[in-house]
Amino acid sequence: MTGGTGCFLLFISTRHKPQELPSIMSQVRVRFAPSPTGFFHIGSARTALFNWLYARHTGGVFVLRIEDTDQARNSEEFLNVIYDSLTWLGMTWDEGPKVGGNYGPYRQSERGPIYKEYLQKLIDAGRAYEKDGAVWFKLLGDRSEVYDDHRQKTVTKVANTPAVIDDQIRGRVERLEDEDFVIFRSDGNPVFHFVNVVDDIAMKITHVIRGEDHLSNTSKHVELFKAFGVQPPVFAHIPLILKQNGPGKMSKRDQGALIEEYQKRGYLPEALVNFLSLLGWSPKDDREKMPIADIIALFDFPGINQSNARFDDKKLAHMNMAYLLELTADVFVVQARAYYEKLGTPVAAVALAADPVYFREVLLISQPKIKGLEELPAYTAYFFAEDFAIDAKVRDKVMGKGDPKARLAELAEALATADFSSDTAIEETIKALATAKGLGFGDYQSVARLAVSGTNVGPSLTSMFRVLGRERVLASFARLAA
RNA sequence: GUCCCCAUCGUCUAGCCCGGUUAGGACACCACCCUUUCACGGUGGGCACCGGGGUUCGAAUCCCCGUGGGGACGCCA
C-alpha cells in the first residue's frame, strides 16, 4: 500500500515552506519509541498510528524502538503489552524487536556502546562536560544567571543560539534560550534527550512524528543534532488527546485510557483505529468510517489539526457498532466466541458449553441489535438458562394491561401445531391468530416476549421463537402463566 | 512564575492559507417516520465562529491585545 513518491511528498507535505528537507529523496523512515513504564494508552496508540500511517502512506519504514534507559521504571510486562497492543491494532513494525533490521539493536538498554561512541564525539568537540558526577551537554551562546521561580533557584540560561524548528504542523517555532542539560546520569546511563537523538541519527530516521508535549524538548534535540553535525529530521508535533472529563491530557489512569481495556471489552480493532485516526486528523471531506486502505491513502501532514482533541467514548462506541453491523455472519461468530472465551465468566462458560449451532443462531439474531460484543452475555443470557429472571417492572407493566394471560393461552394453542422452521412462518401464524381475534401483532408480542426472555428488549420475537424452538417457547409460556 | 503551542455547535471536525457560505458533516440530544419490543435506518429540529480593537465596501477567514485551554520547565520518557 504505497502512496506518493519522494517528489509527491515534497509537494504536499508542508504547511510552511521548509528550507531543506533531509533525506527527501530517500525512503521515509519513522519510528514509534515508547517507554515500557506503564500500560499502553490511547495517546501512545494514536502517536504510533500516525507514524504507522505516514510510513504506509509514503511506502516508508515504520521502526519500533524501545526507550528503556530508565532501568528503575521499566518492566517486561509493559513491553509485552506494547507488542500485543500494536499487533492487535494491526500496526506491524518493519524494524524493531522480534523482527530485527539493519539498525539494531532496537532496545536502548542494549545500545550502550553506541551511546559511548557518540558521547566521545561530543567530548572531542568540547560540547560535553562533567558536573556533579553527571555528563552535561554544553550549549553555545551568551550565558546569564536567572532566578527561576518554579524551581526556586538560580539557573544558567544560554541565549544567542535560537533553535528553529520547522514543524510540519506548527509551522516555524523558535526558542531564544535554553539551559545545559544532563546527557549521562551519574550512574552511567544515558538520558532520553541524548539517546533519542543519537538513535534517530543512527537509525536514519527522516521524520519525527510525536506528541506536542515534546515540542518544548525539540530545541534541545535540534542543538544536539547540530553538535553532531547532522541535519535534523523533519518534525511533526501532533495535538494531544485530552481526557473526556476534567482538565488536562489523557493519562494512563483515566477512564477508558488503556488499549488493552478495549481489547478485553471486545471492541473491534478496526473501529478503534478508525476512531483514533479521526482524533487530530481529518480527510477534509465528510467521510468518517473508512477502510484502513483509504485512511492510508489520504493520510498526510496537511490533514493534521493544530488543536488538541477531547476523547469521546460515545463516538467510539458508535464507530464500533457500525463495524460490528457489517461483519459477515461467520466473522461475527468467530469474534463473539473469542470474546466469550476470554471473558471466562460462568455465564460465558454456559453459553460456550451450549450446542455451537444454537449458540451461533443466538449470536446472529443479536448482531443487528447490539452496540458492542460486551453487551452480548447479558443480552442473551436467557437463551442459556431455563430459569432466567423475570424483570418485575416489565412484568407489572405488561401484565397490567388488557388480558395478557388470555393472549398467551391463544398463542400457545396456535404455536402448538405451527411451523417453526422460519421467521416468516412464525410471523404468519401470529398474524393469522391476531387477525382471527380482531387484534394486532403487538397484543401478542409484549406478553410473549416477557415469557420467553423476562424482559422487554431483545431480538426479533419471531427469530427468538425459531431459535428457542417450540418446546422451550411453550414451557416459558406455562411458567409465566403459573 | 518563565517559555512554547492552540482557540468554529456539548464533543470530533469542514470552511481559514487565496476575506463575500442559508457556516457543512458526524457523535450526543429532541421530535416524527419505519417497525414486532429494542436497535438499525430515514426525515426534521435545537446547538458554534471566545472577547475587544484594528485592516477592509465587506472578517469565522488577515493583524494586534486580552481571555481561555493545553504543554514544557527532572540525573522521567
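A.B. asks: Explain the pattern of salt bridges here, please?
C.D. replies: Opposite charge on two side chains makes pairing possible when the charged atoms of those side chains draw close. Within the structure shown, the criterion is met by 33 salt bridges. The salt bridge involving Arg466 is made with Glu361; its shortest N-O contact spans 3.2 Å. With a gap of 105 residues between them, Arg466 in helix 19 (residues 461–468) and Glu361 in helix 13 (residues 356–366) connect regions that are remote in the sequence. Residue classification places Arg466 among the partly exposed positions, given a relative accessible area of 25%.

A.B. asks: Is there a simple way to explain the protein's contact with RNA strand B in this structure?
C.D. replies: Lining the immediate environment of RNA strand B, one finds 65 residues, of which Asp132, Arg151, Arg185, Lys369 and Asn456 sit closest. Close to the protein, within 4 Å, the atoms of RNA strand B are drawn from sugar and phosphate at a rate of 67%. Between RNA strand B and Arg151 there is a distance of 2.8 Å, counted from a phosphate oxygen to a side-chain nitrogen or oxygen. If one sorts the elements of the surface near RNA strand B by residue count, helix 10 (residues 313–325) sits on top with five residues. Its residues assigned to classes, the surface near RNA strand B comprises 19 nonpolar, 21 polar and 25 charged.

A.B. asks: What exactly am I supposed to notice about unusual backbone geometry here?
C.D. replies: The phi torsion of most residues other than glycine is negative, and most of the peptide bonds are trans. The omega angle of the peptide bond from Gly104 to Pro105 is -5 degrees, so this bond is cis rather than trans. Here Pro105 is to be found in the loop between helix 3 (76–88) and helix 4 (112–124). A positive phi is found at Gln152, a non-glycine position, where the angle reads about 55 degrees. Following the sequence through the fold, Gln152 ends up in the loop between strand 5 (142–148) and strand 6 (153–159). Of the residues examined, Gln152 reaches a relative accessible area of 60% and is grouped as exposed. For Lys204, which is not glycine, the phi dihedral falls at a positive 55 degrees. Overall, the relative accessible area of 49% leaves Lys204 in the partly exposed class.

Criteria and thresholds
- Residues numbered from 1 in each chain as written.
- Chains lettered and ligands numbered in written order.
- Predicted model: local features only at pLDDT ≥ 70, side-chain atom pairs only at ≥ 80, totals over all residues.
- Heavy atoms only, no water.
- Salt bridge = Lys/Arg side-chain N within 4 Å of Asp/Glu carboxyl O.
- Helix = DSSP H or I, 4+ residues; strand = E, 2+ residues; numbered from the N terminus.
- Buried < 20%, exposed > 50% of the residue type's maximum accessible area, 1.4 Å probe, protein only.
- Near = heavy atom within 4 Å.
- Polar contact = N/O pair within 3.5 Å; in protein donor to acceptor, adjacent residues only side chain to side chain.
- Nonpolar A, V, L, I, M, F, W, Y, C, P; charged D, E, K, R; others polar.

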